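Observations on chain architecture
Here are the chains, one letter per residue:
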Amino acid sequence: KEMQLDFLWRGVLGGAVLMEGLGERVSVVAGAGKQDGWWVVLVNPNFHVSTQDVYARCKMGLTSGERSIDSIVSALRNGDVDLAGLHLFNGLQATVFRKYPLIEIVAEELEKAGAIGVLLSGSGASVFGLARNERHARRIAECVRKALGFPAWCKVARTLPDGVMAAHGPLEA
């Protein structure tokens, strides 16, 4: 129990962690933290998405395969934002995009603007895109603001150093 609490505290106080199962298995990603944080562009279309409704509609698995999670862990260890961008996964994304096409448009605009990887955050409505650096993130944000044609909330941010979490498990909707 003391070891589990140590892992949880590292996740809260700083340090990359891997959560598995239903979130009950938490382990530190050894060797992670070689980066000063990753730059992201966050976009929210200014409307609410019901998490309960999304889970009720989702009929597929919520987690990625072993190969994908291994790649994300490797990206965290090596500070490799390009590798992370290739393996982003959210099992709720397809369901949310079907019900809310405007959120899918936001994701498409982030991709067109040059984001390394794009992903729905949780059950939505926010979407984020990874960037190589602050300058790249600001260019992406500017392009997205111009392209959307509606007043979306759009911010450039940096993740906390080694404050990234990867989740993997048998979760099903």
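Preceding this section is the structure that the text describes.
The notes below deal with the structure included here.

Before going further, it helps to examine the sheet that holds strand β6 (residues 153-158). Strand order in this open sheet of four strands is β4-β5-β3-β6, and the pairing throughout is antiparallel. Of all the strands in the sheet, the pair left with one neighbour each is β4 (118-120) and β6. This sheet shows a mean twist of 20° between the axes of neighbouring strands, independent of strand direction. By the bridge criterion, six bridges tie strand β3 (residues 39-44) to β6 in an arrangement that is antiparallel. Opposite Val41, over in β6, you have Val156 as the bridge partner. Contacting β3, β4 and β5 (127-131), helix α6 (residues 101-112) crosses the sheet at an angle of about 10° to β5. Across the sheet, helix α7 (residues 134-148) is in contact with β3, β5 and β6; its angle to β3 comes to roughly 20°.

Another point: α7. With 15 residues, α7 extends 21 Å from end C-alpha to end C-alpha; this agrees with the ideal 21 Å at 1.5 Å per step. Of all the positions in α7, only His136, Ala137, Ile140, Ala141, Val144 and Leu148 are classed as buried. On an axial view of α7, the arc spanned by its buried residues comes to 135°, and they lie on one face. Exposed positions of α7 whose direction lies more than 90 degrees from the buried face are Arg135 and Lys146. The N-cap of α7, judged by a side-chain oxygen 3.2 Å from the amide nitrogen of Arg135 a few residues on, is Asn133. Phi turns positive one or two residues past the end of α7, at Gly149, with a value near 75°.

Criteria and cut-off values
Residues numbered from 1 in each chain as written. Predicted model: local features only at pLDDT ≥ 70, side-chain atom pairs only at ≥ 80, totals over all residues. Heavy atoms only, no water. Pairing = 2+ DSSP bridges. Helix = DSSP H or I, 4+ residues; strand = E, 2+ residues; numbered from the N terminus. Axes fitted to C-alpha atoms, helices over the stretch in contact; angles between N-to-C directions. Contact = heavy atoms within 4.5 Å. Expected span 1.5 Å × (residues − 1). Buried < 20%, exposed > 50% of the residue type's maximum accessible area, 1.4 Å probe, protein only. Arc of directions from axis to C-beta. Polar contact = N/O pair within 3.5 Å; in protein donor to acceptor, adjacent residues only side chain to side chain.

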